[in-house]
Amino acid sequence: MEDGLACNLLPSSRLSPKVHHLVCVIGSLDKTTEVPIINKEGLIVWESMQQVLFSNYDGSWSDEVHFDEHVSRLAPLAQELHAMLLDGNRFQNGRHLQEYFKWTSDEMTLRNCFECLSGSNPSPEDVQTCLLLMTAILERSLGNVFLTKNPCCPSMVKDLLVTKELVDIFGETALFCLRILMGPPTSLNLRNLIWHGFVRPGEIPPRYAYFLLVIIASLGGMLEDHRIDPASVRQSRTFIDISCHSDLLQSRLPDLSVDEMISLAWNLSIIPQDMRALWSKALDGCRDGRYSHSAVIILPLLEAILRELFAEANHCPGRVLTAESSALFTTFDEMLSSSMPDGSENKLRLVIGDAIMEMLHDLLVYPDGPRLRDHLSHGELDLHVIPPSIVTFCLFVIAALSLKISADSQHGKDNLFTKVGASVNTYQSVFHPTSILLRDFIKVCHSLNMWSSLPRPTNDDGFCEGASLDKSALVERATVIACKLTESSNECESFLDAVAKFVDPVTDTTHFTSFWKSLRFQTLFRPRAELHLVTILQQIVIECIHVDENIQGIAKERFDQWKTRNLRSRQRVNYQRFLQSISHLSCGVRLAIITVSRYLRRVTSWCLDASSQAAAQHHKFLKKVLKFSENLNSMTERNKWDESCELVMKFIGLVEEFLPKLPELNFASSTDERSTMSGLSRR
């Protein structure tokens, strides 16, 4: 098949005229060349490549202006390689070529891509999927090579391709070929075009998938020439683990099996007609357990769908096309922001609703979320362990969009869509900082229950614990403080009663915790002052979690040592002090938690100006609480039990001293300047 025939500019093309001309017209040029471009092993002869690319050329190899000329020279070479790979009689080194994939971050996936592309008549969807996989793997692998020479790797592939470290290893010609393929916006820029959902299957000439595969193998040959061990390259860094993220997202999914979700997704009306074959391939991947293939297809498709909705909602139809080199693409970062570049409101939120916007932020934007598109497109995830639930969540998002946007009444009558709609209506953010804070807050409250039943020797066991510290006066004093902390927040009487009981180290925390499980917070585009407050509260809670882990860990370790008679004399004395101190430490941690609860309970209505004197006083107080929790963590890590108890006493005195001085908390609906969390995302 002549690949130029696949590049007809249809009305649905998302490539701007200039980009289309470069990719589909110049990029499809076919001229014969007499220069041998591969050797007997199937690797590129870089001297021949240099001769073709730079003959009679006066510019610099780093010149970004004349990429039209560079593409016109490279396109016939790519087509020649394409033809050779498809002609078994002309190319006998395919199996041997795959041995040079060992230096990459994912040899197996590249071998699968080779088998797919060299098979009989691969479909346009196959070619596009291979390009998505190969560009991600190549970017990661080049970064790994860079890290063998320099510990600070550029985050953008276009910057990576001009580094001295890679030039010294691979040479200017090889890197310039890669820059023509996936360099700056003036190049073919294949990586960004496919990963941001601008191309439909068949629009990029297939020759470049084959060419990129041979380049990857040829780079492996150059590493062998430099005697660089492929294993040392692969070990430069580990993959990011998103299994914990997928577990949390799974808790937000509708009560549907994977098969039911796939069944529901087959005929979604929101899928563009020219992308339906690609969508079917993604669903086939889900059904067959090839979740990495599904994920790399679904994410660009989701971006393309969202871009159409964004452009329509904000009356800017031109934004569905690729930008020219002088402007930025319209990507997730802009589409999921609260405002447009000119400061006006982004109306996409009004079209898709807050719940779906939250789902998209959880999946793609929030720094503590999986940031799936970022990590996947930059090759930072192990493609062989993509969690099924995170791909199912992607299907859930697109189904929710279809249900929200579609005029097809059949959606509303389908029982499966009814379940999707119910899950959307009750959706709460998982990875917004406030959501994480609440989850950690409840976690530590639950865990404090364990302190009253920590393993410990009994007097019958012949262990003399010694006289326990008097806790009654301490608990009474802390209870009074806790009540004063919460009384000013106009809380209900039952909550105040739960607070008073919570301070007592032997009280079950379940009643207190129950008040937090039903809370729903606004989390979209919150004021900066609120996010700053949440950050401080989260730091306090994290330190309390560490203290809890220290106490429970030491209790188990020392008890086990005592049972096996492995406690030395000094350790035995320290163990006694530990057991005597638990009530005091519990009281201190619980008072810190109560302090956090004072602000957390109504954190989304916090309206103090961050620069005001009142806000400064509250933040000063919270910084003192944070300092206490940090110090207590440090002391308990080092088995300093007398010092820990003294620290608790000082903290109680500190809260007593500060409480009368603190300005009244102002809680109201905030109309302050809003900060988009999408600004916190990378790349």
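Residues numbered from 1 in each chain as written. Predicted model: local features only at pLDDT ≥ 70, side-chain atom pairs only at ≥ 80, totals over all residues. Heavy atoms only, no water.

Undergrad: An account of the overall build of the protein chain is requested, with residue identities and associated values reported.
TA: Within the protein chain one finds 31 helices and 0 strands. Counting only residues that meet the buried cut, the protein chain has 57% of its 683 residues in that class. The contacts of the protein chain with a sequence gap of at least 6 include a subset with a gap of at least 24, amounting to 78%. Looking at the protein chain as shown, the accessible area adds up to about 28600 Å², and 49% of this sits on carbon and sulfur atoms. (Helix = DSSP H or I, 4+ residues; strand = E, 2+ residues; numbered from the N terminus. Buried < 20%, exposed > 50% of the residue type's maximum accessible area, 1.4 Å probe, protein only. Contact = heavy atoms within 4.5 Å. Areas by Shrake-Rupley, 256 points an atom, 1.4 Å probe, with all protein chains shown as cover.)

Undergrad: Kindly report on the nonpolar core, identifying the contributing residues and their values.
TA: If you look at the biggest cluster of nonpolar residues, it comprises 155 residues, and the most contacted ones within it are M134, L142, F170, L181, L219, L268 and W279. Every residue in contact with W279, bar those within four places of it in the chain, is listed here: A265, W266, L268, I271, I298, L301, L395 and I398. (Core = buried A, V, L, I, M, F, W, Y, C linked by side-chain atoms within 4.5 Å.)

Undergrad: Could you give an account of the side chain of T331, naming the residues involved and the relevant values?
TA: Position of T331 relative to the elements: it lies in the loop between α16 (291–313) and α17 (332–335). Exposure remark for T331: the relative accessible area of 15% places this residue in the buried category. Dropping the residues within four chain positions of it, T331 is found in contact with H196 and E303.

Undergrad: Hey, could you go over the packing of aromatic side chains for me, with residue numbers and the actual values?
TA: Counting across every chain of the model gives 17 aromatic pairs. Seen in terms of ring centroids, F495 and F515 are 5.2 Å apart; in terms of plane orientation they differ by 75°. Their pairing is edge-to-face. Separated by 20 residues along the polypeptide, F495 in helix α26 (residues 493–502) and F515 in helix α27 (residues 510–517) bring together distant segments of the chain. As far as burial versus exposure is concerned, F495 and F515 are alike and both buried. For the pair F495 and W516, a centre-to-centre distance of 6.0 Å together with 70° between the ring planes defines the contact as edge-to-face. Here the residue F495 occupies a position in helix α26, and W516 occupies one in helix α27, the gap between them amounting to 21 residues. Look at W516 and you get buried, because its relative accessible area is 0%. Of the aromatic side chains, those joined through ring pairs into one cluster are F441, F495, F502, F512, F515 and W516. Above the plane of the ring of F198 lies R307, whose end atom (NZ or CZ) is 3.8 Å from the centre. (Phe/Tyr/Trp six-rings, centres within 6.5 Å; stacked < 30°, edge-to-face > 60°. Lys NZ or Arg CZ within 6 Å of the ring centre and 35° of its normal.)

Undergrad: An account of helix α13 (residues 243–250) is requested, with residue identities and associated values reported.
TA: Along an α-helix, residues three or four positions apart point the same way, because every turn accommodates 3.6 residues. When α13 is considered as a whole, its buried residues turn out to be H245, S246 and L249. Seen from one end, α13 has its buried residues packed into an arc of 95°, which puts them on one side. Looking at the packing, one finds that the buried side of α13 touches α19 (354–364) and α21 (388–405). (Arc of directions from axis to C-beta.)

Undergrad: Lay out the environment of Y208 in plain terms, naming residues and giving numbers.
TA: Here Y208 is to be found in helix α11 (residues 207–225). C-alpha separation for the pair Y208 and L81, spaced 127 residues apart in sequence, amounts to 9.3 Å. Beyond its immediate stretch of four places on either side in the chain, Y208 contacts G27, V71, A75, A78, L131, L181, L188 and L190. A polar contact of 2.7 Å, which involves the side chain of Y208, links it to the backbone oxygen of G27. (Polar contact = N/O pair within 3.5 Å; in protein donor to acceptor, adjacent residues only side chain to side chain.)

Undergrad: Give me unusual backbone geometry: which residues, what numbers.
TA: With phi around 40°, R371 is a residue other than glycine that occupies positive phi space. Inspection of the secondary structure puts R371 in the loop between α19 and α20 (372–377). The phi dihedral of R565 falls on the positive side, at around 55°, and the residue is not glycine. Owing to a relative accessible area of 77%, R565 belongs among the exposed residues under this scheme.

Undergrad: For helix α14 (residues 258–265), give the residues involved together with the corresponding values.
TA: If you check which residues of α14 are buried, you get M261, I262, L264 and A265. Buried residues in α14, looked at end-on, bunch into an arc of 160°, giving them a common side. Where the residues of α14 are buried, they touch α15 (276–288), α21 and α23 (415–425).

Undergrad: Can you explain the packing of α14 against α21? Please cite residues and give values.
TA: Following both chains from N to C, one finds α14 and α21 inclined at 35°, their axes separated by 10 Å at the closest point. Note that α14 runs across α21; the crossing there is left-handed. Of the residues in α21, those touching α14 at V258, M261, I262 and L264 are T392, L395, F396 and A399. Its residues assigned to classes, the contact of α14 with α21 shows 7 nonpolar, 1 polar and no charged. (Axes fitted to C-alpha atoms, helices over the stretch in contact; angles between N-to-C directions. Left-handed = near helix turned anticlockwise from the far one by under 90°. Nonpolar A, V, L, I, M, F, W, Y, C, P; charged D, E, K, R; others polar.)

Undergrad: Give me the pattern of salt bridges: which residues, what numbers.
TA: Applying the stated criterion across every chain yields a total of 28 salt bridges. Salt-bridge contacts for R287 lead to D288; the nearest nitrogen and oxygen are separated by 3.9 Å. With a shortest N-O distance of 3.0 Å, R526 and E530 are connected by a salt bridge. Each member of the pair, R526 as well as E530, carries the same accessibility label: buried. Taken together, the salt bridges that share partners define one network made up of E303, R307, R371, R373 and D374. (Salt bridge = Lys/Arg side-chain N within 4 Å of Asp/Glu carboxyl O.)

Undergrad: Talk me through the state of the cysteines; I want residue IDs and the actual numbers.
TA: By definition, a disulfide links the sulfur atoms of two cysteine residues through a covalent bond. The tally for this structure, following the rule as stated, stands at 0 disulfides. With no disulfide of its own, C544 has C445 as its nearest cysteine by sulfur position, at a separation of 9.2 Å. (Disulfide = S-S within 2.5 Å.)

Undergrad: How would you sum up the environment of G588? Please name residues and give values.
TA: By secondary structure assignment, the location of G588 is in helix α29 (residues 569–600). Apart from the residues lying within four places of it in its own chain, the contact partners of G588 are F628, V648 and F651.

Undergrad: Got a sec to walk through the confidence of the model for the protein chain? Specific residues and values, please.
TA: Summary statistics for the protein chain give a mean pLDDT of 87 and a share of 88% for residues scoring 70 or more. Across the protein chain, the secondary-structure element scoring lowest on mean pLDDT is helix α22 (residues 410–413), at 59, and the one scoring highest is α19, at 97. Contacts from residues 1–11, a stretch scored under 50 in pLDDT, to residues over four places away or in other chains number 25 contacts. Low pLDDT, under 50, characterises residues 669–683; the stretch is placed with 43 contacts to residues that sit more than four places away or in other chains. (pLDDT = per-residue confidence, 0-100.)

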